[in-house]
Amino acid sequence: EWTLSGKPTVLGAASGAVAGLVAITPASGYVGPMSAIIIGGAAGLICFGAVRLKLRFGYDDALDVVGVHAVGGIWGALATEARIVPAALPIDQM
């Protein structure tokens with residue numbers, strides 16, 4: 001947001017933080033700290049892109065629920081599968 005509009009906003013920072021938390025929630029018990037940082041950081045960028053698409057498609061989403069929660073949750077679920085640590089799984093699931 002800062003690079004595109006020239007100034008940061010509190011709403012943008014809060015949305016980025018929420019996007020990272022939404023994305024890491026599905027993986028919270030199964031990934032390490034570095035994977036969590038990667039998943040959360042990528043979620044901020046992906047969700048920012050999804051929120052920007054709202055303007056292009058013209059749908060009404062005043063609180064950016066679709067762009068942050070839906071897209072962030074989907075990204076988190078997919079990233080959990082990619083970054084899961086096998087040692088965190090019970091033996092019968094391996």
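Everything numeric in this text was worked out from a predicted model, so none of it was measured. (Residues numbered from 1 in each chain as written. Predicted model: local features only at pLDDT ≥ 70, side-chain atom pairs only at ≥ 80, totals over all residues. Heavy atoms only, no water.)

## So, the nonpolar core
Of all hydrophobic cores here, the largest spans 7 residues; its members are Ala23, Ile24, Ala27, Val31, Ile39, Ala43 and Ala79. Those elements that provide at least two residues to this core are helix H2 (10–24) and helix H3 (33–57). Setting aside residues up to four positions removed in sequence, Ile39 forms contacts with Ala23, Ile24, Ala27, Val31, Trp75, Ala79 and Arg83. (Core = buried A, V, L, I, M, F, W, Y, C linked by side-chain atoms within 4.5 Å. Buried < 20%, exposed > 50% of the residue type's maximum accessible area, 1.4 Å probe, protein only. Helix = DSSP H or I, 4+ residues; strand = E, 2+ residues; numbered from the N terminus. Contact = heavy atoms within 4.5 Å.)

## Describing H2
Helix length check: H2, at 15 residues, gives a terminal C-alpha distance of 21 Å against a target of 21 Å (1.5 Å per residue), a fit within 8%. Looking at H2, one finds that the buried residues are Ser15, Ala19, Gly20, Val22, Ala23 and Ile24. Buried residues belonging to H2 abut H3 and helix H4 (65–83). (Expected span 1.5 Å × (residues − 1).)

Spatial relationships are all this shows, so hold off on functional conclusions.
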